[in-house]
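If you want the building blocks of each chain, they are given just below.
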Amino acid sequence: MNAANPIISIQNVNKFFGSFQALADVSLTVEAGQKVVVLGPSGSGKSTLLRTINQLEEVSSGSIVVDGRDLCDPQNDINRIREEVGMVFQSFNLFRHKTVLDNLTLAPIKLKKEPKLQAEKRAMELLDKVGLVDKAASYPVQLSGGQQQRVAIARALAMNPKIMLFDEPTSALDPEMIGEVLEVMVTLAREGMTMVVVTHEMGFAREVADKVVFMDEGRIIEIAAPDHFFDAPENDRTKKFLEQIL
Amino acid sequence: MREKKVVIEVGDGAAIPDPEDSGLFTAWRISFFGTLAIMAFLVITKPDPYLAILKYLPDGIVITFKVTCASIALALVLGLIAGLGRISKNRFFNLAASTYIEVVRGIPLLVQLFYIYFALGHLVRVPDLVAAIIAMGFCYGAYMGEVFRAGINSIDDGQTEASLSLGFNRSQTMRYVILPQAWRTILPPVGNEFIALLKDTSLVSILAVSDILRRGREFASESFLYFETYTMIALVYLLITLVLSKLLSNMENRLSHYERR
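Keep in mind that this is a model prediction, so the values were computed, not measured.

**Student:** How would you summarise the overall build of chain A if you had to cite specific residues and measurements?
**Tutor:** Scanning chain A from N- to C-terminus turns up nine helices and 10 strands. With the principal axes as the frame, chain A shows a C-alpha extent of 55 × 45 × 35 Å. Within chain A, buried positions represent 57% of all 246 residues. Put simply, of all contacts in chain A between residues at least 6 apart along the chain, 65% involve residues at least 24 apart. Total accessible area on chain A is roughly 10,300 Å²; 46% of this is exposed by carbon and sulfur atoms. Positive and negative charge centroids in chain A, built from 27 and 34 side chains respectively, lie 6 Å apart.

Laid out in structure tokens, this is it:
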């Protein structure tokens, strides 16, 4: 592993919500092309950690550098950094007043000033990739949860991000729809996208992750390769967590 | 999916026809056709003075609509600014908007009308009609501000987060994502405000503006037929607000269709 030049570098980050400490001295690096899966019980701070990477949560102290740019430096325009960091949410958050196609083209047209035709062509390619070309003219409410989440992934990809963040992408889905979303994510991983994924899907973690991060009570307890993590966990809390879910 | 369900309640304004009520006798139909029938009966059986009163009013109706439309346009602009101010993190902007709303809501509309009318008179010479519009718009802008604020707050935070995560800044998010959706929540209360405002424009008759009520008062003071005149005026106002509330509810139905598919 080349630790000299990570695309995400999180150093000694603390985050407080009032007096509650959501993140405690968290440090993590992600190399370009790496897939990192963050596991942990609910309330362990894993979603908060993910949301600090594109500054949906500001950190209380510590530093986060994404693609060579310090997020805490006011000189850096956070909006430009966010363009390079796609995010997929648990609750999809598609723009409800726009068609699927318009969901995909809104940001490229308004922010990157892409011509409409070019943006739409690219959007159709992405919809093809997630298997939803025939839904281009539909509104989000007309789609199933799994379809909405695949559109949400395509929408994030439309900005050609260098990094993709997934915040429990399958947790709000009916069981029979989880597979179709994971499939898209696996494809994306195979193509070399840098991914940070908060999930409870252990199968996905095992298959895709380069490293697994286990968090509890705002701290990183263990960072390990998936085989090592699942088969020979070192920390007691990790063992307990794995016993409960597996 | 988490979704905030928000109903904006505005007590004022005509009751919107209940879309669930599909029977032949709805409150709206009874009021509407009842009003028409009474007007027709009065005009046909006693054309003098009722037909004469009715013929005297159209100029006033035009003025009433002019004042209403211009005031609502002004109120919408002020309301949007005030509503954005109320949710703004900028302390100055937030305080200014909140103070505006607090002050306006604390003073009776009639007193505000007089005050703005005469205060404006001290500064600049504006036509009575313009002074009335400014006063009405200024007052209703405050109420509209609260409507905008509630409408914007009704949109799920996830929409904002999705927009920010794509690289939109706060104002782009407001413009492209939040306001286009908030509009659907805002429209019904805005329509109610429009109808409430139309009724409140009767107050401007005091400021030498020849609206429906002023025209009626002129007719009454010449003919001494106070009861007959005010009967007709009440019926005319009622007819107008009934038609408007029907239009509003139709518009709402059309706007909400995509939510129900």
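**Student:** I'd like a rundown of the packing of aromatic side chains, residues and numbers included.
**Tutor:** Evaluation of the coordinates by the stated rule reveals 11 aromatic pairs over all chains. With centroids separated by 4.8 Å and ring planes inclined at 10°, the aromatic side chains of Trp28 of chain B and Phe32 of chain B adopt a geometry described as stacked. Here the residue Trp28 of chain B and the residue Phe32 of chain B both occupy positions in helix H1 (residues 27-45), the gap between them amounting to four residues, near one helical turn. The burial state of Trp28 of chain B is the same as that of Phe32 of chain B; both residues are buried. Geometrically, the ring pair formed by Phe114 of chain B and Phe118 of chain B is stacked, given 6.2 Å between the ring centres and 15° between the ring planes. Note that Phe114 of chain B and Phe118 of chain B are positioned in helix H5 (residues 109-123) at a spacing of four residues, about one turn of the helix. Aromatic ring contacts, followed pair by pair, group Phe214, Phe229, Phe230 and Phe241 of chain A into a single cluster. Above the plane of the ring of Phe95 of chain A lies Arg155 of chain A, whose end atom (NZ or CZ) is 4.4 Å from the centre. The ring of Tyr56 of chain B has Arg215 of chain B sitting right over it, with the charged end atom 4.1 Å from the ring centre.

**Student:** Please provide a residue-by-residue account of the packing of helix H2 (residues 47-56) of chain B against helix H9 (residues 212-223) of chain B, values included.
**Tutor:** All names here are of chain B. Two numbers describe how H2 lies on H9: the axes approach to 9 Å, and their chain directions differ by 140°. Classified by the angle their axes make, H2 and H9 are oblique. Regarding H2 and H9, the two cross each other, and that crossing is right-handed. Two secondary-structure elements touch here, H2 through Ala52, Ile53 and Tyr56 and H9 through Arg215, Glu218 and Phe219. Residues that form the contact of H2 with H9 fall into these classes: four nonpolar, no polar and two charged.

**Student:** Help me get a handle on the interface of chain B and chain A, residues and values and all.
**Tutor:** Facing the 24 residues of chain B at the interface are 29 residues of chain A. Glu161 of chain B serves as the salt-bridge partner of Arg51 of chain A, at 2.7 Å between the closest nitrogen and oxygen. Our count for the chain B to chain A interface comes out at six residue pairs in polar contact (both at pLDDT 80 or more). Listed by contribution, the elements that provide at least two residues to the side of chain B that touches chain A are helix H7 (157-166), helix H8 (170-200) and helix H11 (257-260) of chain B. Across the side of chain B that touches chain A, the residue classes break down as nine nonpolar, eight polar and seven charged.

Calculation criteria
- Residues numbered from 1 in each chain as written.
- Chains lettered and ligands numbered in written order.
- Predicted model: local features only at pLDDT ≥ 70, side-chain atom pairs only at ≥ 80, totals over all residues.
- Heavy atoms only, no water.
- Helix = DSSP H or I, 4+ residues; strand = E, 2+ residues; numbered from the N terminus.
- Buried < 20%, exposed > 50% of the residue type's maximum accessible area, 1.4 Å probe, protein only.
- Contact = heavy atoms within 4.5 Å.
- Areas by Shrake-Rupley, 256 points an atom, 1.4 Å probe, with all protein chains shown as cover.
- Lys, Arg positive; Asp, Glu negative; His and termini not counted.
- Charge placed at Lys NZ, Arg CZ, Asp CG, Glu CD.
- Phe/Tyr/Trp six-rings, centres within 6.5 Å; stacked < 30°, edge-to-face > 60°.
- Lys NZ or Arg CZ within 6 Å of the ring centre and 35° of its normal.
- Axes fitted to C-alpha atoms, helices over the stretch in contact; angles between N-to-C directions.
- Parallel < 35°, antiparallel > 145°, perpendicular 65-115°, else oblique.
- Left-handed = near helix turned anticlockwise from the far one by under 90°.
- Nonpolar A, V, L, I, M, F, W, Y, C, P; charged D, E, K, R; others polar.
- Salt bridge = Lys/Arg side-chain N within 4 Å of Asp/Glu carboxyl O.
- Polar contact = N/O pair within 3.5 Å; in protein donor to acceptor, adjacent residues only side chain to side chain.

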